[in-house]
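Structure assessment
As a plain string of letters, each chain reads:
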Amino acid sequence: MTDPTLERWRLLLGEPGGACLGGEQLDARAAARDAAMDWLYGRDEDLRRRGVRRGGMGESTLTTFDWLDDITRLFPKETIERLHRDAVERYEIHDVVTDPAVLARIEPNPALLKAVLRTKHLMNPQVLRLARRIVEQVVRQLMEKLATEVRSAFSGTKMRRPGRMRLARNFDMARTLRANLGRYRPETGKVVIETPFFFSRTRRHLEQWQVILLVDQSGSMVDSVIHSAVTAACLWGLPGVRTHLVAFDTEVVDLTADVDDPVELLMKVQLGGGTDIARAASYGAGLVDQPRRAIVVLISDFYEGGDPHRLVRVVRDLVAQGSKVLGLAALDEQANPAYDRELAQRLADAGAYVGAMTPGELASFVAEHVGR
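Residues numbered from 1 in each chain as written. Predicted model: local features only at pLDDT ≥ 70, side-chain atom pairs only at ≥ 80, totals over all residues. Heavy atoms only, no water.

1. Considerations on the sheet that holds strand 10 (residues 353–357)
Going by this rule: Pairing between strands requires that DSSP locate at least two bridges from one strand to the other. Each helix is a run of H or I in the DSSP string that is no shorter than four residues. Each strand is a run of E no shorter than two, and both are numbered from the N terminus. Convention adopted: a line fitted to C-alpha atoms gives each axis, helices being fitted over their contacting stretch, and angles between N-to-C directions are expressed from 0 to 180 degrees.
As summarised here, the arrangement of the six strands in space is 7-6-5-8-9-10, forming an open sheet in which the pairing is mixed. The strands lining the two open edges of the sheet, one partner per strand, are strand 7 (252–254) and strand 10. In this sheet, adjacent strand axes meet at a mean angle of 25° when their direction is disregarded. Note that strand 6 (residues 241–248) and strand 7 share three bridges and pair antiparallel. Bridge pairing in strand 7 links Ala247 to Val253.

2. Here's the deal with the packing of aromatic side chains
Heads up, the condition is: Pairing of aromatic side chains requires ring centres within 6.5 Å, counting the rings of Phe and Tyr and the six-membered ring of Trp. Pairs whose planes differ by under 30 degrees are stacked, by over 60 edge-to-face, and all others tilted. Burial here depends on accessible area, computed with a 1.4 Å probe over protein chains only, as a share of the maximum for the residue type. Under 20% is buried, over 50% is exposed, and the range in between is partly exposed.
Counted by the stated rule, this structure contains four aromatic pairs. Seen in terms of ring centroids, Tyr41 and Tyr91 are 5.8 Å apart; in terms of plane orientation they differ by 75°. Their pairing is edge-to-face. Separated by 50 residues along the polypeptide, Tyr41 in helix 2 (residues 28–41) and Tyr91 in the loop between helix 5 (77–90) and helix 6 (94–97) bring together distant segments of the chain. By relative accessible area, Tyr41 is classed as buried at 11%. On the numbers, 5.5 Å between centres and 70° between planes, the contact of Tyr353 with Phe365 is edge-to-face.

3. Description of the nonpolar core
Spelled out, the test is: Residues belong to one nonpolar core when they are buried, are Ala, Val, Leu, Ile, Met, Phe, Trp, Tyr or Cys, and are joined through side-chain atoms within 4.5 Å. Residue contacts follow a heavy-atom distance rule, with two residues in contact if any of their heavy atoms lie within 4.5 Å.
Within the largest apolar cluster, 72 residues are counted, with the highest numbers of intra-cluster contacts made by Leu40, Trp67 and Phe154. Of all the elements, helix 9 (residues 125–153) adds the most residues to this core, at 11 residues. Not counting the four nearest positions on each side in its chain, Leu40 is found in contact with Trp67, Leu83, Asp86, Ala87, Tyr91 and Ile93. Within the second largest apolar cluster, 27 residues are counted, among which are Ile212, Leu214, Val314 and Leu318.

4. A few points about the pattern of salt bridges
What counts is decided by this rule: A side-chain nitrogen of Lys or Arg and a carboxyl oxygen of Asp or Glu constitute a salt bridge if their distance falls within 4 Å.
Taken as a whole, this structure holds 10 salt bridges when the rule is applied. For Asp223, the salt bridge goes to Lys114, with nearest N and O atoms at 3.6 Å. Remark: Lys114 occurs in helix 8 (residues 110–119) and Asp223 occurs in helix 11 (residues 222–235); sequence separation between them is 109 residues. A relative accessible area of 26% means that Asp223 is categorised as partly exposed. Judged by its relative accessible area of 15%, Lys114 falls in the buried class. Glu251 serves as the salt-bridge partner of Arg279, at 3.6 Å between the closest nitrogen and oxygen. Placement of the pair is Arg279 in helix 13 (residues 277–287) and Glu251 in the loop between strand 6 and strand 7, with a sequence separation of 28 residues. Residue classification places Arg279 among the partly exposed positions, given a relative accessible area of 35%. Linked by salt bridges that have partners in common, Arg132, Glu136 and Glu264 make up one network.

5. Topic: the environment of Asp69
Its place among the elements puts Asp69 in helix 4 (residues 64–74). A relative accessible area of 23% means that Asp69 is categorised as partly exposed. As for Asp69 and Lys114, which are separated by 45 residues in sequence, their C-alpha atoms are 8.3 Å apart.

6. What about a nonpolar patch on the surface?
As a reminder of what qualifies: A patch consists of residues whose relative accessible area exceeds 30% and which take part in no salt bridge; residues with like charges are grouped when within 9 Å of each other, and nonpolar side chains (Val, Leu, Ile, Met, Phe, Trp, Tyr) when within 5 Å. Areas reported here follow the Shrake-Rupley algorithm with a probe of radius 1.4 Å; residue values treat only the protein chains shown as occluding.
Together, Phe171, Met173, Leu177 and Ile193 give the surface a local cluster of nonpolar side chains, amounting to about 350 Å² of exposed area. Examined against the element boundaries, Ile193 turns out to sit in the loop between strand 3 (190–191) and strand 4 (198–200).

7. Notes on the pairing of strand 8 (residues 294–299)
Among the six residues in strand 8, six count as buried, and that is most of the element. Judged by which residues are buried, strand 8 turns out to be covered on both faces: Ala294, Val296 and Leu298 on one side and Ile295, Val297 and Ile299 on the other are all buried. Here strand 5 (residues 209–216) pairs with strand 8 via six bridges, running parallel. Looking at strand 8, one finds that Val211 is bridged to Ile295. Direction of pairing for strand 8 relative to strand 9 (residues 324–331): parallel, over a ladder of five bridges. Counted as the bridge partner of Val297 is Leu326 from strand 9.

In short, the description is geometric, and any link to function would need to be established separately.
Dropping the structure here:
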């Protein structure tokens, strides 16, 4: 196994520092880190003259937004902030945050939305206005797609009870046959129908439920943050549902006032920081009005920076009082989770449903319980 200190020196020096490892090769993750650092620091002529980083000999195929995704995946928060700052201030890579022309000619897409959310704190006002339009367009596309799924989930269960609407689609064959069996004619093999019966198809009355979304806004959860905002907006105003949305890192920020405007909500989110899941869960528990009509959705990778014992205790108490607790390691279109499995198992043992969902699946889960 490579010594971590020697590996850090190798990453600092670049390829010229290969002697630090005594001939050993970087593993896949370290090699990806090296490539990401080369993309940025390999363009530094002063470093090249000093023999620190020479960069690749060919033209890089890595785009700025690919690079932003890579460093978010590969480095801790404090390193990411330094890389962002060096890209903008030291190397003046304007297409990261300061060149409206670059953003204007790129087709808005979820990857671009993630890049905007990660770097908006560095943008000047002009680019921020352009970035906001990009956020609006991508969010609108997501809303249109998810709203259809939510409407389908909440379309209402039809109550099959006797009614007076004499429509063919409402004909109750079973009850009609039972009521008219005495008029069966053996010679024809038919039942003479004197009194037909029909269903009354009315939507089930929906009593008020609370849906409390607690969203980890650490950098690794950006997909889930985006889809949580859009999901909350789609649930907002539905009959029988009162939606809350709370973002957290080491602090807790209640964004419920902006739930009906997911663009504004996302522009307020501050990605990064530590994680105190227990504190957020406690806050969510405090929002519950009717325990047996509350669904608390905790969206996090479960890498707890606070007190895991407190978190498990809060979840256990919520379940004991009759609330539904969902622990989602991912809420996005792929629902591919990366999370602390040990803590997730403890939450499952405490009575939470733990897993990953697409937004449509979450809407179906909520609709199933609200419609009961």
